[in-house]
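Spelled out from the first residue to the last, the chains are:
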Amino acid sequence: MSIITGRGMDRTSLCYGLGSDERAVLMSAFAALGTIAFSFGDTVLPEVQATVKAPSQRNMYKGVSLAYGVITITYLAVAITGYWAFGYAVNPFVVYSLPGPQWAVTLALLLAVVQIMGCYQIYTRPTYECIELLLARHDEGPMSPWNASMRLLITSVYMLVVTTICCMIPFFIDFVALVGALGFTPLDFILPVLLFMAARKTPLWWRLVNCFLAAAYTVVGVLGCVGAFYFIIDHARTYKLFADL
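The residue numbering used here restarts from 1 in each chain and proceeds along that chain's sequence as written. In keeping with the model being predicted, local features are shown solely for residues with a pLDDT of at least 70 and side-chain atom pairs are shown and tallied solely at 80 or more, while totals for entire chains, interfaces and linings include all residues. Side-chain numbers come from the whole structure's heavy atoms, not from hydrogens or water.

Peer 1: It is not clear to me how the overall build of the chain should be interpreted in this structure. Could you clarify?
Peer 2: Helix and strand content of the chain: eight helices and zero strands. When the helices and strands of the chain are listed from N to C terminus, the series reads α-α-α-α-α-α-α-α. With respect to the principal axes defined by its C-alpha atoms, the chain has extents near 70 × 60 × 35 Å. For every residue, the accessible area obtained with a 1.4 Å probe (protein chains only) is divided by the maximum for its type, and the residue is called buried under 20%, exposed over 50%, and partly exposed between those limits. Considering the chain as a whole, with its 245 residues, one finds that 24% of them fall into the buried category. In what follows, residue pairs with any heavy atoms lying within 4.5 Å of each other are defined as contacts. Here the analysis covers contacts within the chain between residues at least 6 apart in sequence; of these, 69% occur between residues at least 24 apart. Note on areas: these come from Shrake-Rupley sampling with a 1.4 Å probe, and a residue is covered only by the protein chains present in the view. Counting every atom, the chain has about 16,700 Å² of accessible surface; 72% of that belongs to carbon and sulfur. Between the centroid of the 14 positive side chains of the chain and the centroid of its 13 negative side chains there is a distance of 11 Å. Secondary structure follows DSSP: runs of H or I at least 4 residues long count as helices, runs of E at least 2 residues long count as strands, and numbering of each begins at the N terminus. In summary, the charge assignment counts Lys and Arg as positive and Asp and Glu as negative, without counting His or the chain termini. Throughout, a charge is located at the NZ atom of Lys, the CZ atom of Arg, the CG atom of Asp or the CD atom of Glu.

Peer 1: When you look at the packing of helix α2 (residues 22–40) against helix α8 (residues 204–238) in this model, what are you seeing that I'm missing?
Peer 2: Pairs of packed helices are described in terms of their axes, by the angle between the two and the distance that separates them. Lines are fitted to the C-alpha atoms to define the axes, a helix being fitted only along its stretch in contact, and any angle between axes, read from their N-to-C directions, falls within 0 to 180 degrees. At a closest axis distance of 7 Å, the pairing of α2 and α8 adopts a crossing angle of 125 degrees. As the angle between them shows, α2 and α8 are arranged oblique. Taken as a pair, α2 and α8 cross one another with a handedness that is left-handed. Across the interface between the two elements, Arg23, Ala24, Met27, Ser28, Phe30, Ala31, Leu33 and Gly34 of α2 pack against Val220, Leu223, Gly224, Val226, Gly227, Ala228, Tyr230 and Phe231 of α8. Of the residues belonging to the contact of α2 with α8, the class tally is eleven nonpolar, four polar and one charged. Note on angle classes: values under 35 degrees are labelled roughly parallel, values over 145 roughly antiparallel, values of 65 to 115 roughly perpendicular, and the remainder oblique. Should the near helix be turned counterclockwise from the far one by less than a right angle, the crossing is left-handed, whereas a clockwise turn marks it as right-handed. Note on residue categories: nonpolar means Ala, Val, Leu, Ile, Met, Phe, Trp, Tyr, Cys or Pro, charged means Asp, Glu, Lys or Arg, and polar means any other residue, Gly included.

Peer 1: Explanation requested: the nonpolar core in the structure shown.
Peer 2: Note that soluble globular proteins tend to have their nonpolar side chains buried in a common cluster. The criterion is simple. A nonpolar core is a set of buried Ala, Val, Leu, Ile, Met, Phe, Trp, Tyr and Cys residues joined through side-chain atoms within 4.5 Å. Grouped together as the largest cluster of nonpolar side chains are twelve residues: Met27, Phe30, Ala31, Ile169, Phe171, Ala177, Leu178, Ala181, Cys225, Ala228, Phe231 and Ile232. For this core, the secondary-structure elements that each account for two or more residues are α2, α7 (172–199) and α8. The biggest single contributor to this core is α8, with four residues. Sequence-distant contacts of methionine 27, defined by excluding residues within four places in its chain, comprise Val226, Gly227, Tyr230 and Phe231. Counting residues in hydrophobic clusters, the runner-up holds six residues, among them Ala85, Val94, Leu98 and Val105.

Peer 1: What should I look at first to understand a nonpolar patch on the surface in this one?
Peer 2: A contiguous nonpolar patch, built from Trp205, Trp206, Val209, Phe212, Leu213 and Tyr217 and spanning about 600 Å² of accessible area, is present on the exposed surface. Within the secondary structure, phenylalanine 212 sits in helix α8. Note on phenylalanine 212: relative accessible area 59%, which makes it exposed. Like charges are joined within 9 Å and nonpolar side chains (Val, Leu, Ile, Met, Phe, Trp, Tyr) within 5 Å, but only among residues with over 30% relative accessible area and no salt bridge; these make up the patches. We define a salt bridge as a side-chain nitrogen of Lys or Arg found within 4 Å of a carboxyl oxygen belonging to Asp or Glu.

Peer 1: Can you help me understand the side chain of glutamate 132 in this one?
Peer 2: By the secondary structure assignment, glutamate 132 is in helix α5 (residues 102–135). The class of glutamate 132 is buried, set by a relative accessible area of 14%. Other than its neighbours up to four places away in sequence, glutamate 132 contacts Arg125, His138, Met150 and Arg151.

Structure (structure tokens):
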């Protein structure tokens, strides 16, 4: 859709520069590091690997390689075509830059909802489990009237609260960058390297490589936090709650 829209636009008015505000450009680059970490990070991989049939390590490697290969191609395709079609003014959520047709925009939004619903169930499962352990009646079955109604109430209230918060904060993408920098970067890119070094005896040169990776991703996390906080503070001054952007 970005390619079709871009080919029908007056391309002489498009700007592919980085903008005149150098500070905003730099902070955008920092925040992008957190957003990328959020997009490619996955803290549930160890739990998934525990359920993969033997040999789990080899099968998991194949699955992760295929998954991240598809994700990378998809993200790059959307980013490149969106930037080509709309230039520097492209919306962070590229669907909002599309003028139509309406059915295509609606379909893209519906597909986004389907993706979010799948990811949502995975990442909220630990929260649900903690609450269920406290409130469930363990002497009854999982689908007993009390346990089933309690589970339905918990998930409904939780989804309502999270959705309301997302609607209240129109610059939610800034919080995505913050979560990616503050949460996903340490868990997915720093901690595994440190655990690998602690679990295996490797040559000195390999340990130096791992130390470099850990240090590099630490810098990425710090810079991502700086960029995310910058835009959260900046946007909080101008936007209002439940604003229609």
